[in-house]
Number of protein chains: 2
Amino acid sequence: MSRREFLKRAGVGAALGVAAAPSIAQTPPTVRWRLQTSWPKSLDTTHGGVEAMARRVGVITEGKFEIRVMAAGELVPGNQVFDAVAGGTFEATHTLSTFFIGKNPAFTFDSGIPFGLNARQQAAWFNWGGGAELLRDVFKPYGLINFPCGNTGVQMGGWYRKEIKTVQDLKGLKMRIGGIGGSILSKLGVTAQQLPPGDIYAALEKGTIDAAEFIGPHDDEKLGLNKVAKFYYYPGWWEGSAQNTMLVNLKAWEALPKAFQEALECAAREQDTMMTASYDAKNPIALKKLVGAGTQLRAFPKAVMDACYKASEETMAELSAKSADFKKIHEQWTKFRDDQNLWFRVAENTLDSYRYAASGAAAAAKK
Amino acid sequence: MSRREFLKRAGVGAALGVAAAPSIAQTPPTVRWRLQTSWPKSLDTTHGGVEAMARRVGVITEGKFEIRVMAAGELVPGNQVFDAVAGGTFEATHTLSTFFIGKNPAFTFDSGIPFGLNARQQAAWFNWGGGAELLRDVFKPYGLINFPCGNTGVQMGGWYRKEIKTVQDLKGLKMRIGGIGGSILSKLGVTAQQLPPGDIYAALEKGTIDAAEFIGPHDDEKLGLNKVAKFYYYPGWWEGSAQNTMLVNLKAWEALPKAFQEALECAAREQDTMMTASYDAKNPIALKKLVGAGTQLRAFPKAVMDACYKASEETMAELSAKSADFKKIHEQWTKFRDDQNLWFRVAENTLDSYRYAASGAAAAAKK
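What you are looking at is a predicted structure, and each value in this text was computed from that prediction instead of being measured. (Residues numbered from 1 in each chain as written. Chains lettered and ligands numbered in written order. Predicted model: local features only at pLDDT ≥ 70, side-chain atom pairs only at ≥ 80, totals over all residues. Heavy atoms only, no water.)

**Re the sheet that holds strand β5 (residues 158-160) of chain B**
Strand order in this open sheet of 6 strands is β7-β6-β8-β5-β9-β11 (chain B), and the pairing throughout is mixed. The open sheet has two edge strands, β7 (191-193) and β11 (296-299) of chain B, and neither has a second partner. (Pairing = 2+ DSSP bridges. Helix = DSSP H or I, 4+ residues; strand = E, 2+ residues; numbered from the N terminus.)

What follows is the structure, given as structure tokens:
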């Protein structure tokens, strides 16, 4: 967003002057930040949500705290945002902490764990279950502080040129998948590859890869992956949900006046709801379009899920053995997860499952 | 705008309160509001969340917008907040819109529909699915504007002195349950009664009632209901989730400077996440305590759920025939719900259900 546009949207100047009480001064920004995301502008839900957050901070601070939002590549490549913010090149980023597990595997808990917490449970753990304290201790030595800011929910399991009917079908599969999901699948014979989003289509088309996971229907459709792979699998078990995070330079954070700190924290948490809600509203529309255009929707067979679950548990144990930070969080997190699973199985999942079965029966009856 | 002009535009006169009160910041407040909830202070999650929201608004406006939060009964009884805010006695309340369906049955869509949207789906509908526009059109003639502010998620089905094994067991059951849930259950022979929370324990103990629903483990435990009823049923199907709402006097809202409007909206939406997360973190702890103390946890049998589902659909049709507002929203909402059910059945519910089954198997193996 340009400065002129920012001021226009923030309502600084004439628009605010009309409505404002006299105590509201039309002062120029006292703090100006730059925030570069890890996303292209085309990710309207995620990148767009960050723009909405910055606009909100501008309005509620009466234009005094201005955050200029930039897309991946405008200052540094999308995968270099961690170092750029830690080093003070710019003040903040919006990213997935799991991109940076090479630095510390414990960052995974900030994004999502295979077969781990769903979006609501992640919010419960972070905000009320000790997650914020544990994670911030891990980010602090890097000079960063983290704020949850949008969750995609459970993602899709990706696009496949051939059906996955058995665990054997994973052997030798060349798949675009990063992070811990890739490590786990390699235990089952998958050759995991990292590719930037823009390169997935061509790689699938040429057959350089056999499969690719990205996000969910709304974002996947934009890449046109349905045109080069027929089978669309679910669920993306490599995260119980994918939590996006705003990482902020700790010194810049500590230098903010209290009112600006709280405005930013509040606006980030608002987007935690708004981005998820936006995905939830958009994904079914895209999914219907994809299926209408010939995409074959498939659930991973139970035997495949079981093998992946077992491999995930092994990977968690290996990471705990390797990293003290990971082990410490994993132990606390596991207890919290077990309690969440106990409770969500009772009221929440029972009613959800009943509703979905009833809804499926009604849809079948209409046919 | 001068303070005097502000008050004139606000149209609620001296009730708006520019009286002397200590401020949290150096500058005196420009705007002072009173917000009375429908809750006792003992509901730490709900009433406490409203206090956190008011504190947040105070800090981010540097003390210029002060919201004084009061509990049910401090100004008016908890069930009179609607009229008090509409009439300008105070500026805002935090309540369940379903308490006021006697005025307009369409308010139900602001709280939750039997077998309806879960918490995440409700947020998607309100914020991105046309819900805000539809609901605000319904509240506007009453001089009110609504903001979602905290969702309990799926509630429990309540406390029963005897087991519910068949649909026949509902016949003649005297149950404390209000709103649409009570109407639906009365089709199945239940005598639905409304009782204030503080009276439930005594009524169950004396046998004046046979069953009572309240909220969920964390809140129910505080009332001690486990001591007077042995069976704790799930799920509370009479709402897909229970959405709490902040209702604001429309003139007071329109008179706010833009920065204060956005600070309040942002802080309310933050609590939409925070209250739900708080319930999710607290409920499993309370549930374990209750079960440890002898409570018998039971799922409603499928035949009971099916009968309730059928009665709910009939009730929705009756309300649509009776109220044009209800019909208009119900038609749009039904399409949105069907899409949500389609999508959540795919990735979200498949992974959740797999995780819970795996978690249950692991817990059983430990015994």
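**Re the sheet that holds strand β1 (residues 31-37) of chain A**
Residues and elements named next belong to chain A. Spatially, 5 strands are ordered β2-β1-β3-β10-β4 in an open sheet, and the strand pairing comes out mixed. Each edge of the sheet is formed by a strand with only one pairing partner; in this case those strands are β2 (65-70) and β4 (144-151). When strand polarity is set aside, the average angle formed by the axes of neighbouring strands in this sheet is 25 degrees. The sheet contact formed by β4 and strand β10 (residues 243-249) spans 6 bridges and is antiparallel. Across the sheet, the residue bridging to Asn146 is Leu247, located in β10. With respect to the sheet, helix α7 (residues 131-139) is in contact with β4 and β10, its orientation differing from that of β4 by roughly 130 degrees. (Axes fitted to C-alpha atoms, helices over the stretch in contact; angles between N-to-C directions. Contact = heavy atoms within 4.5 Å.)

**A closer look at the confidence of the model for chain A**
All names here are of chain A. Summary statistics for chain A give a mean pLDDT of 92 and a share of 92% for residues scoring 70 or more. Segment residues 1-25: pLDDT under 50, and 43 contacts once partners within four positions in sequence are set aside and those in other chains are kept. This prediction of the complex comes with two scores: 0.92 for pTM and 0.92 for ipTM. (pLDDT = per-residue confidence, 0-100.)

**Considering the pattern of salt bridges**
It is possible for side chains bearing opposite charge to pair when their charged atoms get close. Taken as a whole and judged by the stated rule, the model has 54 salt bridges over all chains. Measuring nitrogen to oxygen at the nearest pair gives 2.9 Å for the salt bridge that ties Glu265 of chain A to Arg56 of chain B. You can see Glu265 of chain A sitting in helix α12 (residues 258-292) and its partner Arg56 of chain B sitting in helix α2 (residues 46-60), one on each of two chains. Accessibility expressed as a relative area gives 19% for Glu265 of chain A, which makes it buried. With its nearest N and O atoms 2.7 Å apart, the salt bridge here joins Lys288 of chain B to Asp339 of chain A. Linking Lys288 of chain B in helix α11 (residues 258-292) with Asp339 of chain A in helix α14 (residues 324-346), this pair reaches from one chain into another. We classify Lys288 of chain B as partly exposed; its relative accessible area is 41%. Among the ionic contacts, a cluster of salt bridges with common partners joins Arg55, Arg56 and Glu270 of chain A together with Lys258, Glu262, Glu265 and Arg269 of chain B. (Salt bridge = Lys/Arg side-chain N within 4 Å of Asp/Glu carboxyl O. Buried < 20%, exposed > 50% of the residue type's maximum accessible area, 1.4 Å probe, protein only.)

**What about the nonpolar core?**
In terms of nonpolar packing, the biggest core is built from 84 residues, with Trp125, Tyr160, Met175, Leu185, Leu204, Trp237 and Ile329 of chain B touching the most fellow members. In terms of residue count, the dominant contributor to this core is helix α12 (residues 302-322) of chain B (8 residues). The next biggest cluster of nonpolar side chains, apart from the first, holds 83 residues, and it includes Leu96, Phe100, Ala229 and Leu247 of chain A. (Core = buried A, V, L, I, M, F, W, Y, C linked by side-chain atoms within 4.5 Å.)

**Remarks on the interface of chain B and chain A**
A common way to express how large an interface is: the accessible area buried when the components associate. Residue-level contacts link 83 residues of chain B with 85 residues of chain A. Here chain B meets chain A over a buried area of about 7500 Å², counting both sides, of which 62% is carbon and sulfur. On the chain B side of the interface with chain A, the three residues burying the most area are Trp343, Tyr354 and Tyr356 of chain B, jointly 10% of the side's total. The interface formed by chain B and chain A contains 14 salt bridges. Among the ionic pairs, Arg55 of chain A bridges to Glu262 of chain B, the shortest N-O distance being 2.9 Å. Scanning the region where chain B abuts chain A turns up 41 residue pairs in polar contact (both at pLDDT 80 or more). Counting residues per element, the ones that place at least two in the side of chain B that touches chain A are α2, α5 (119-128), α11, α12, α13 (324-346) and α14 (348-366) of chain B. Among the residues making up the side of chain B that touches chain A, the classes are represented as 40 nonpolar, 21 polar and 22 charged. (Buried area = accessible area lost by both parts, 1.4 Å probe. Polar contact = N/O pair within 3.5 Å; in protein donor to acceptor, adjacent residues only side chain to side chain. Nonpolar A, V, L, I, M, F, W, Y, C, P; charged D, E, K, R; others polar.)

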